[in-house]
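Understanding the architecture of this molecule
Each chain is listed here by its residues.
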Amino acid sequence: MRVHIVNPSHFSYGTGFITPRWMYVLAAATPAKWGDPVLSDEGLEPFDPAQLQQGDVVGIGLHTGNALVGYELGQKARERGAWVVYGGSHPTLYPDEAHERGGAHAVVKGDGDVAWGLVIEDCAGGAPKRVYDGGRVDAGKFRKARWDLVPREKYCWASVQTVRGCPKHCSFCSVWRTDGQEPRQRAVNPVIEEIVELRRLGFKFIALADDNFYPVTLDDLKAADRRKDKTRYNELKALRDDRFELMALMAKLPSDLNFFTQITMESAEDPEFLQAMKDARIRGALVGIEAVTPEGLKDVYKDFNLAGEELVERLQMFRKAGVYVLGSFIFGLPSDRPATFDATAELAKRAGITFAQFVTLTPFPGTLDFEKWEREQGDNMLMVDGVPVSRHWLIPQAKRPKLLTPHPVMSGEEIRLGTQGVWNNFYSLRASWKRSNILKAYRNRLAFVVASKVMLHAFGNTGLSTDSARASRATQLGGVGFSLLQKMFAAKPMPDLQVPTS
Ligand code: SF4
């Protein structure tokens, strides 16, 4: 019996941007007696079901975006006589769907760190359970990824997780409901050991793949400190202290390392934290800006963010502190108007944002927005080929409506075109070259422009799903770009690198 772990994808680029960390974590959770699992990332190349033998176990990780292609893969695996097991955020929400559509024998809800090993044993015994509740495991039980299995030359960046969960409650996001609002923060040592292992292999760009790298704000601490009972304050202070300890050790690592993470905007008002990030070479951060007006922020329950000029100033603080921002924006909010597109593009430029992504509002399962939408539509939900659009991930891409939630003044096509216009504007050759002036060396500026164009082709083509020729061209361009970036981002391996101590 062999164990297979598969990351389904609609597109295969030959080279991937970031390592799909969960696969290497599940590899570590695979009991040693079954040998090393076979890892297949369809972002690199399509999975071939012909390699499966009767009785093999196939673990398929799904999020909503790859559910349909993952179900097809699972059915083929089942036809080959393999045990089919689904896990990930989507099957956690819809375990029955994975059985009905994807030929599942078993579904793991929640974290797989502990449950995956149990499922394999049950499959080997011929009697897997229908559903396993992996729950939210304590940070102490998070597995260290099996980086010894990674095809180094196939990825530009590696990924390490330091914390799961986010204390916020944005209406379009499911993270705080699936991973929880209480941060589960890993101890410093296993994180540093993973980073060192990756640098030994020759990765010098590492994403800290966290829900929110800044789980405790200064306001949280102040509020806890006002309470008579100091238990909560001490817990939060310990979490914050651990962040600083981690960043102090990262600062001792080789100077060619570069980290990227995901944080909330409040961190910009914490100069001590920003300085520690800079020292640790956390050079970039994804910041969910979402909207540039107070009304837009209210639409998504994100009024802890700033708007207008205050927002520009706040974002510039990251830049001044040497942390480059990948800003994330949402279009199609009820308060958006046709002028919102240009206003957003303009603000993104003035705020000194280095990279940006612009998405259209999509109600994803597990979010408050989704529940509200489903409730409001009731029996009037639009159907496509017998599938309600509230199950939009089950509708083939080409037939999927562009905009799911009706907008008070704009059509779906208007919003799509407006969003595409902002992508094209932000990533024009001229604008990208201008932004590359944050780097000195010509080679690095060139890498920056290539990365900008790859970003546009791989993620910024909002019309992809209706035009397969464009999709295929974008995939080819994305593949060439990723391959070029992989060479530019690779470092000479350092097999003797030691783990720093405090
Ligand atoms: S969008 Fe970001 S800040 Fe908001 S809940 Fe999700 S992870 Fe947290």
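Structure: see above.
Anyway, here's the lowdown on the structure attached to this text.

Conventions we followed
- Residues numbered from 1 in each chain as written.
- Predicted model: local features only at pLDDT ≥ 70, side-chain atom pairs only at ≥ 80, totals over all residues.
- Heavy atoms only, no water.
- Phe/Tyr/Trp six-rings, centres within 6.5 Å; stacked < 30°, edge-to-face > 60°.
- Helix = DSSP H or I, 4+ residues; strand = E, 2+ residues; numbered from the N terminus.
- Buried < 20%, exposed > 50% of the residue type's maximum accessible area, 1.4 Å probe, protein only.
- Lys NZ or Arg CZ within 6 Å of the ring centre and 35° of its normal.
- Pairing = 2+ DSSP bridges.
- Axes fitted to C-alpha atoms, helices over the stretch in contact; angles between N-to-C directions.

1. Remarks on the packing of aromatic side chains
Counted under the stated rule, the structure contains 25 aromatic pairs. Judged by centre distance (5.2 Å) and plane angle (85 degrees), the ring pair of Tyr13 and Phe482 falls under edge-to-face. On the criterion of sequence distance, the pair formed by Tyr13 in the loop between β1 (3-7) and β2 (16-18) and Phe482 in helix α18 (residues 468-489) is long-range, its members being 469 residues apart. Both residues of the pair, Tyr13 and Phe482, count as buried. A centroid spacing of 4.4 Å and a plane angle of 45 degrees characterise the contact between Phe205 and Phe489, whose relative ring orientation is tilted. Here Phe489 lies in helix α18 and Phe205 lies in strand β11 (residues 205-208), a separation of 284 residues in the sequence. On the accessibility criterion, Phe489 (10% relative accessible area) is buried. An aromatic cluster is present here, built from Tyr13, Phe17, Trp157, Phe205, Phe260, Phe482 and Phe489 joined pairwise through their rings. The ring centre of Phe142 lies 3.7 Å from the NZ or CZ of Arg164, which sits over that ring.

2. Here's the deal with the sheet that holds strand β13 (residues 282-290)
Read from one edge of the open sheet, seven strands run β2-β8-β11-β12-β13-β14-β15, paired in parallel fashion. Either end of the sheet is taken by a strand with one partner, and the two such strands are β2 and β15 (355-360). Adjacent strand axes in the sheet meet at a mean angle of 25 degrees, parallel and antiparallel pairs treated alike. Here six bridges tie β13 to strand β14 (residues 324-331), and the two strands are oriented parallel to one another. Within β14, the residue paired with Gly284 across the bridge is Tyr324.

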